[in-house]
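# Observations on chain architecture
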Amino acid sequence: MTILAIDIGGTKIKYGLVTGDGTLLSKDEINTEAARGVEVLLSRLRWIADRFAGRYDRIGISTSGQIDEVNGVVMHATGTIPGYAGTDLRGILSERYHCPISVENDVNCAAIAEAVYGAGQGLRDFLCLTYGTGVGGAIFQDGAVYHGSNHVAGEFGHMVTHVGGEPCNCGGRGCYERYASTRALVRRVSDRLGRYAGGREIFSPALMNDPVVQEEVDRWLDEIALGLVGLIYIFNPAVILMGGGIMQEHYVVEEASRRALASVMPVFRNVKIIPAKMGNNAGMLGAAYLAARL
């Protein structure tokens, strides 16, 4: 069995062919051009699917947004892709491609990939967070993703950590991702330096020796730890997986873990906070795993 796996992000659409046992046969990406709206996105998905015509048996889609994974519908999405909310992805693609199609939230797909192939192997329960433009979350419970009563559990990025704080694109204020995302760190450091500094540059020796950068990184790590403390108290997890490109900086995971564990009661300190392993392929591999089991 061969699956066409597609991971839809706000900046890039990653895609490739994956075998039923999770072997990635090919991988490529194109720009999402999200601001051009859902019709342009759909045309890109059709272009990808047509490009591989006759070479796959199923399609697995990982996408940002709040997803009804049973029916393959985007229930809610921020304005990153105008018109995306309410899109019946499975229905639209099924009209043209007569094969089984799975649609699932991107962080849920990442958690599944970690459970099957990565840092979550052998675990029945764990939390998975990804830090990037926002903060995504997934709850892996009793060997499967927990979706909640309305398919949308795990929106950790929209926990309110600062009452009356910065406005968020969800319509609320003071959300965790406004303070703990990679975007938040980049924004604050860039403002302090008076020029743009990306995540990789921030953790270069040159900038990490700058007291201004050190101060902002320390503030950011405290914000990450603040959210982790709340999740530890609520879920009492054995393991928390930390994903996103910035978490490849082992210092970040180690220091966020140290600060979080120092802030919880001793009985909760059994939790292990560790990096996710599957990197940028996690969404595709999780989507392929789900499609293979339709």
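Below you will find a few notes about this structure. (Residues numbered from 1 in each chain as written. Predicted model: local features only at pLDDT ≥ 70, side-chain atom pairs only at ≥ 80, totals over all residues. Heavy atoms only, no water.)

The subject of this paragraph is the overall build of the chain. For the chain, the count of helices and strands is ten helices and twelve strands. In terms of overall dimensions, the chain is globule-like: its C-alpha atoms have a radius of gyration of 19 Å, near the 19 Å expected for 294 residues. With 294 residues in all, the chain has 51% of them scored as buried. Surface accessibility of the chain: about 13,100 Å² in total, with carbon and sulfur atoms responsible for 50%. Charge-centre separation for the chain: the mean point of 27 positive side chains lies 2 Å from the mean point of 31 negative side chains. (Helix = DSSP H or I, 4+ residues; strand = E, 2+ residues; numbered from the N terminus. Rg over C-alpha atoms; globule rule 2.2 N^0.38 Å. Buried < 20%, exposed > 50% of the residue type's maximum accessible area, 1.4 Å probe, protein only. Areas by Shrake-Rupley, 256 points an atom, 1.4 Å probe, with all protein chains shown as cover. Lys, Arg positive; Asp, Glu negative; His and termini not counted. Charge placed at Lys NZ, Arg CZ, Asp CG, Glu CD.)

On to the nonpolar core. In this structure, Leu 129, Tyr 131, Ile 224, Leu 228 and Met 242 are the most contacted members of the largest nonpolar core, which totals 39 residues. Of the residues forming this core, the biggest block, ten residues, is contributed by helix 8 (residues 211–235). Counting 29 residues, the second largest nonpolar core, distinct from the first, contains Leu 4, Val 38, Ile 61 and Ile 81. (Core = buried A, V, L, I, M, F, W, Y, C linked by side-chain atoms within 4.5 Å.)

Moving on: the pairing of strand 7 (residues 101–105). Burial analysis of strand 7 places five of its five residues in the buried class, the great majority of the element. Burial along strand 7 is two-sided: the face carrying Ile 101, Val 103 and Asn 105 and the face carrying Ser 102 and Glu 104 are both buried.

Attention now goes to the packing of aromatic side chains. What characterises a pair of aromatic rings is the spacing of the ring centres plus the angle enclosed by the ring planes. Within the structure shown, the criterion is met by seven aromatic pairs. Note on Tyr 15 and Phe 52: the rings are 5.9 Å apart at their centroids and 70 degrees apart in plane angle, and the pair reads as edge-to-face. Of this pair, Tyr 15 sits in strand 2 (residues 12–19) while Phe 52 is found in the loop between helix 1 (38–51) and strand 4 (58–63), placing the two residues 37 residues apart along the sequence. The exposure class of Phe 52 is buried, given its relative accessible area of 6%. (Phe/Tyr/Trp six-rings, centres within 6.5 Å; stacked < 30°, edge-to-face > 60°.)

In this section: the packing of helix 5 (residues 182–193) against helix 8. Contact pair helix 5 / helix 8: the axes reach a minimum separation of 10 Å and the direction vectors enclose 155 degrees. One finds that helix 5 runs roughly antiparallel with respect to helix 8. Note on packing geometry: the crossing formed by helix 5 with helix 8 is right-handed. Counting all contacts with helix 5, which are made through Thr 182, Leu 185, Arg 188, Val 189, Arg 192 and Leu 193, the residues of helix 8 involved are Val 212, Val 213, Glu 215, Glu 216, Val 217, Arg 219 and Trp 220. Among the residues forming the contact of helix 5 with helix 8, the class breakdown is seven nonpolar, one polar and five charged. (Axes fitted to C-alpha atoms, helices over the stretch in contact; angles between N-to-C directions. Parallel < 35°, antiparallel > 145°, perpendicular 65-115°, else oblique. Left-handed = near helix turned anticlockwise from the far one by under 90°. Contact = heavy atoms within 4.5 Å. Nonpolar A, V, L, I, M, F, W, Y, C, P; charged D, E, K, R; others polar.)

Taken together, five strands build an open sheet; the order of strands is 3-2-1-4-7 and the sheet is mixed. The open sheet terminates on both sides in strands that have one partner only, identified here as strand 3 (28–31) and strand 7. In this sheet, neighbouring strand axes are inclined to one another by 20 degrees on average, regardless of whether the strands run parallel or antiparallel. As paired strands, strand 1 (residues 2–8) and strand 4 are joined by six bridges and run parallel to one another. Looking across to strand 4, one finds that Leu 4 is bridged to Ile 59. Where helix 3 (residues 106–117) meets the sheet, its contacts fall on strand 1, strand 4 and strand 7, and the angle it forms with strand 7 comes to roughly 100 degrees. Running over the sheet, helix 10 (residues 282–292) touches strand 1, strand 2, strand 4 and strand 7 and is turned about 135 degrees from strand 4. (Pairing = 2+ DSSP bridges.)

Note that strand 5 (residues 66–68) and strand 6 (residues 73–76) share three bridges and pair antiparallel. The residue of strand 6 that forms the bridge with Gln 66 is His 76. Connecting strand 5 to the next strand, strand 6, in antiparallel fashion are four residues, including Gly 72 with a positive phi near 75 degrees.

The strand order across the open sheet formed by five strands is 10-9-8-11-12, and the pairing between neighbours is mixed. Single-partner strands in this sheet number two, and they are strand 10 (144–145) and strand 12 (272–275). Pairing of strand 9 (residues 135–141) with strand 10 involves two bridges; the strand directions are antiparallel. Note on strand 10: the bridge partner recorded for Gln 141 is Ala 144. Packing of helix 3 onto the sheet brings it into contact with strand 8 (126–131), strand 9, strand 10 and strand 11 (239–243), and relative to strand 9 it is tilted by some 50 degrees.

A word on the environment of Tyr 146. Tracing the backbone shows Tyr 146 in the loop between strand 10 and helix 4 (177–180). Here Tyr 146 is in contact with Ile 139, Gln 141 and Ala 153, once residues within four sequence places are set aside.

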